[in-house]
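Inside the fold
Single-letter residue listing:
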Amino acid sequence: MTPGRRARRVLLLEAWVAAGEDLLRAAAALGVEAYVATHEDVHATHYGPELTELISGVAFTDFGDTAAALDDLTAFCRARRIDGVVACWEFLSPVAALLAARLGLPGHDPDRAAACRNKRLMAEVFAAHGVPAPRTVTAADHRTLARRAEAAGIGFPLVVKPAENAASIGVTVVTSAEGLPAAARLAGSETHKPSHGIPLDTTLLAQEYVEGDEFSVETVLTRGEVHHLVVTEKFTTRDASRAETGHTVPARLPADVRAAVLTAATRAATALGLRDGVAHTEVKVDGRGRPHVIEVGARPPGDGIMRLVAEATGIDQARAYLMTALGERPDLTPRRERAAAVRFLTAPHAGTLTRVEGLPRGDHVVSTGLLKRPGDPVGDPRDNLQRIGHLMVRAGTARAANRAADEALDAVTVEVSP
Ligand SMILES: Nc1ncnc2c1ncn2[C@@H]1O[C@H](COP(=O)(O)OP(=O)(O)O)[C@@H](O)[C@H]1O
Ligand SMILES: [Mg+2]
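The structure displayed is predicted, hence computed values, not measured ones. (Residues numbered from 1 in each chain as written. Chains lettered and ligands numbered in written order. Predicted model: local features only at pLDDT ≥ 70, side-chain atom pairs only at ≥ 80, totals over all residues. Heavy atoms only, no water.)

Details of the overall build of the protein chain
To keep it simple, the criterion reads: Helix numbers and strand numbers start at the N terminus; a helix is a DSSP run of H or I with at least 4 residues, a strand a run of E with at least 2. With C-alpha atoms as the basis for the radius of gyration, the globule rule is written as 2.2 Å multiplied by the number of residues raised to the power 0.38. Per-residue accessibility, obtained with a 1.4 Å probe over protein chains only, is compared with the maximum for each type, and a residue is labelled buried under 20%, exposed over 50%, and partly exposed between these values. Working rule for contacts: check all heavy atoms of both residues, and any pair within 4.5 Å makes them a contact. Each accessible area value is a Shrake-Rupley result obtained with a 1.4 Å probe; residue values ignore everything except the protein chains displayed when judging cover.
Helix and strand counts for the protein chain stand at 12 helices and 21 strands. Taking 2.2 N^0.38 as the reference for a compact globule, 418 residues should give roughly 22 Å; the C-alpha atoms of the protein chain span a radius of gyration of 21 Å, in line with that estimate. Dimensions of the protein chain along its principal axes, counting C-alpha atoms only, are 65 × 50 × 45 Å. By residue count, 55% of the 418 residues in the protein chain fall in the buried class. A separation threshold of at least 6 residues defines the contact pool for the protein chain, and within that pool the share at least 24 residues apart is 68%. Roughly 17500 Å² of accessible area belongs to the protein chain as shown, and the carbon and sulfur atoms make up 50% of that amount.

Let's talk about the sheet that holds strand 13 (residues 244–249)
For clarity, the cut-off: Following DSSP output, two strands are said to pair if at least two bridges run between them. Here an angle of 0 to 180 degrees is reported between the N-to-C directions of two axes, which are lines fitted to C-alpha atoms, with helices fitted over the stretch in contact.
The 8 strands are arranged 15-14-11-12-13-16-20-18 in an open sheet whose pairing can be described as antiparallel. Pairing within the sheet leaves two strands with one partner each, and these edge strands are strand 15 (291–297) and strand 18 (365–370). Neighbour to neighbour, the strand axes of the sheet diverge by 20 degrees on average, direction disregarded. Examined bridge by bridge, strand 16 (residues 339–345) and strand 20 (residues 389–395) share 7 bridges and lie antiparallel to one another. Bridge assignment links Val 342 to a residue of strand 20, and that residue is Met 392. Set on the sheet, helix 9 (residues 255–271) makes contact with strand 11 (213–222), strand 12 (225–236), strand 14 (277–285) and strand 15; between it and strand 12 the angle comes to about 115 degrees. Lying on the sheet, helix 11 (residues 317–325) is in contact with strand 11, strand 12 and strand 14; it crosses strand 11 at an angle near 40 degrees.

A closer look at the site of ligand 1
So the rule is basically this: Near is defined per residue: the residue qualifies when any heavy atom it owns lies within 4 Å of the molecule or strand. In protein, a polar contact requires one atom able to donate a hydrogen and another able to accept it; more generally it is a pair of N or O atoms within 3.5 Å, and residues adjacent in sequence count only if both atoms are side-chain atoms. Note on residue categories: nonpolar means Ala, Val, Leu, Ile, Met, Phe, Trp, Tyr, Cys or Pro, charged means Asp, Glu, Lys or Arg, and polar means any other residue, Gly included.
Around ligand 1 lies a shell of 21 residues, among which Lys 119, Lys 161, Ser 168, Glu 208 and Glu 214 are the nearest. A distance of 2.5 Å separates an oxygen atom of ligand 1 from a polar atom in the side chain of Glu 214. The contact in question runs from an oxygen atom of ligand 1 to an N or O atom on the side chain of Glu 295, over 2.9 Å. In the complex, 98% of the free accessible area of ligand 1, which totals 540 Å², lies under the protein chains. The set of elements that each furnish at least two residues to the shell around ligand 1 consists of strand 6 (158–162), strand 10 (204–208), strand 14 and strand 15. In the shell around ligand 1, the residues fall into 9 nonpolar, 4 polar and 8 charged.

Focus on the domain arrangement of the protein chain
How we decide: Domain start and stop points were drawn from an automatic or database domain assignment.
Segmenting the protein chain into domains produces domain 1 (9–113), domain 2 (135–208) and domain 3 (338–418). The centre of domain 1, based on its C-alpha atoms, is set 31 Å off from the matching centre of domain 3.

Structural notes on the coordination of the magnesium ion (ligand 2)
As a reminder, the rule being used: The donor definition counts N, O and S atoms within 2.8 Å of each metal and applies 3.2 Å to Na, K and Ca; water is not among these atoms, so some sites may look incomplete.
Only Glu 282 (OE) and Glu 295 (OE) from the protein coordinate the magnesium ion (ligand 2), and they sit 1.9 to 2.1 Å from it. Of this pair, Glu 282 sits in strand 14 while Glu 295 sits in strand 15, placing them 13 residues apart in sequence. Both residues of the pair, Glu 282 and Glu 295, count as buried.

Now the structure itself:
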């Protein structure tokens, strides 16, 4: 910081989520004061010393009521002279854009912000702008959904999902008409985010199923300029549910397919009015090498992907996000060409966790962690919430990172009873 100049201040919308701690650490490293907007009970329950020691102040609000939260946070930001607004969590990316716009701070287009969280609106924006994406129909009940899918020529298999959720919650690949009622029930079952009481649009989507490999594109935007940092290879379960089981940076892709994936991600980001901040764009590539955008999150990637990016390229995406939110231009030059991979431990079936052993050690291990202990109940790995832990490794190439990660995962024992 220049002597005599006050430290710049950012407001992080909910730092108790995947990317929150990385953003808080990046703020500390930048000499930026970090303030956090959260709920009083979430703060009391989930903010341990590792987070609170990085925080300069807290704004309590209720994200379940967007209009009231916007008023609260506008007043807080004005009083504290906040210089930038950052969304740590997908569910708050629209509030972040609206708040930044109200305050005249850098951010994404507030008029299209809702479409970054709501997949019904996102599908409309993609269709209107010619973004390559699966055809989508929507309805409030499974019978209407079936009728509309048929009328649109969307056959089986198709994907049923809720308009608003994340972490693969409520997403089902449905292979025949008989599967539709159960898939619709599952998609409609979470009406509010349990942690914050944020109401969710449970409108049902039926989407063309895209068979192929899955990737995500990690992006930083400065004043509407799109800078793609990496393409990430993604691994998911392959049955009716599609939980994410791992990620590797960089993805190994032929140059022309990589270029097509990046072009699709740019078109999606532009269509959604993304301007200043970050984006995480999920893309499936079909057997002919054509990209189909599954969704865009106007927020940092979760699942440790920012750490994979840092390991593989030396680029600090959290730092870059803070800088764009403050109206500055981050340096996005890669410092190295390496690779890193994360894999998630899951239970073989639902039950009680009895034993986890054999997590990897050594110089190639970036981190390991467990979310559950012996005695904890564990579920089938149908969505990302059922994970037991993770392991992350680094290597010289993506091929070596995938091999090391898969070997390490094979060597882990997860036992569940009964
Ligand atoms: N139209 C589709 N075709 C093929 N797979 C899909 C499709 N939509 C979703 N999936 C699979 O389901 C996963 C979760 O769906 P997604 O739309 O990304 O919801 P979420 O917001 O829960 O991540 C995706 O990562 C992908 O593997
Ligand atoms: Mg997704």
